[in-house]
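Letter by letter, the chains look like this.
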Amino acid sequence: MELWQVPLLFSRLPMFPFFDLAHYVVSVMALKEQRGAVEVSVRSPVACWFSAMLYCFGGSVLSSLMLAEPPVAFLAKGTNILLASSVWYLVFYCPQDIFYRCFAFLPLRLLVAGMKEVTRTWKITAGVAHADSRFKDAWLVMVAVGWARGAGGGLISNFEQLVRGVWKPETNELLKMSYPVKVTLIGAVLFTLQHSQYLPIARHNLVFLYTIFLVVSKVTMMLTRSAASPFAPFEAALGHMFFGLQKTPSKVKGEGATSSNGSSVCDRSSSEQHHDGVKKRQAKKTD
């Protein structure tokens, strides 16, 4: 096998069962680590299971809604549902929490997290291709559906929280995007350009390079325990360039200076009055 064939062979990797299994493990473990999720699993296993399915198949649900397709179509994949449900049961109800502790072991967690990022690439490309089959050459639709398919679990997180009885509108991903949602959006744009033949690169090469970037960045962030996005410097520069407000002289300092001067004047006047009063009392004593 020659080196140039590696990206081509990589792009033909089947996701089922191993990569899908890794995706389910990481997703359900992330659910368990949410505040109050364990209590919900005890109080209402049905709600907990539904939340887990939204974590695992949120991209399919959201992309189906966007294309006016049945959002429950993912339930037709019985084998995937059975596999995801088995992972959910083992993560939440395994005796002594053995299953969760096993995959919480750092080397294993790094492995399944990297495999999950591989599935992200496949979902983005599938979403872009599916959108193009419904709306030919509709760039925005292709980007939106590819984004939804690859990061649907994060984009519908508010709905998933409602299933668990939690309402946190401030966690909306559109208000404050997490790194996975951002990098998925960038991937959707890249694969849309490539699919429309505006990006001069073969599809399998783009799949390989993008996936390598996803895996390396994810593993690096986990090892360094950093939540900062690698795009933060570019975001800051572009945000200041295109959306930043012009700096205006603040009146607060002037007001503060005025109040400070006023207070100092008051202090001086009060001290002068006190000094005059002392002099008068001394004069009376002398008399």
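Residues take numbers from 1 onward in each chain, read along the sequence in its written order. Local features in this predicted model are restricted to residues of pLDDT 70 or higher, and side-chain atom pairs are both shown and tallied only at a pLDDT of 80 or more, whereas totals for entire chains, interfaces and linings draw on every residue. Calculated side-chain values reflect all of the structure's heavy atoms, with hydrogen atoms and water omitted.

To continue, consider the packing of helix α2 (residues 18-32) against helix α4 (residues 45-66). Axes, fitted as lines to C-alpha atoms, cover a helix only where it is in contact. Angles between the N-to-C directions of the axes lie from 0 to 180 degrees. Strands are runs of DSSP state E lasting at least two residues, helices are runs of H or I lasting at least four, and both sets are numbered from the N terminus onward. Where α2 meets α4, the axes come as close as 9 Å, and the angle between the chain directions of the two elements is 130°. As far as their axial angle goes, α4 and α2 are oblique. The element α2 and its partner α4 pack so that their crossing is right-handed. Across from His-23, Tyr-24, Ser-27, Val-28, Ala-30 and Leu-31 in α2, the residues of α4 making contact are Cys-48, Ser-51, Ala-52, Tyr-55, Cys-56 and Phe-57. Note on residue classes: Ala, Val, Leu, Ile, Met, Phe, Trp, Tyr, Cys and Pro are nonpolar, Asp, Glu, Lys and Arg are charged, and everything else, Gly too, is polar. Class assignment of the residues belonging to the contact of α2 with α4 gives a composition of nine nonpolar, three polar and no charged. For classification purposes, angles smaller than 35 degrees are called roughly parallel, those larger than 145 roughly antiparallel, those between 65 and 115 roughly perpendicular, and all remaining angles oblique. Helix crossings fall into two classes, left-handed where the near helix is turned counterclockwise from the far one by less than a right angle and right-handed where it is turned clockwise. Throughout, a residue-residue contact means that at least one pair of heavy atoms, one from each residue, lies within 4.5 Å.

Moving on: the packing of α2 against helix α5 (residues 78-93). For the pair α2 and α5, interaxial distance at closest approach is 9 Å and the crossing angle is 40°. What the angle tells us is that α2 and α5 run oblique. When you trace α2 past α5, the crossing you get is right-handed. Of the residues in α5, those in contact with Asp-20, Leu-21, Tyr-24, Val-25, Val-28, Met-29, Leu-31 and Lys-32 of α2 are Asn-80, Leu-83, Ala-84, Val-87, Trp-88, Val-91 and Phe-92. The class makeup of the residues in the contact of α2 with α5 is twelve nonpolar, one polar and two charged.

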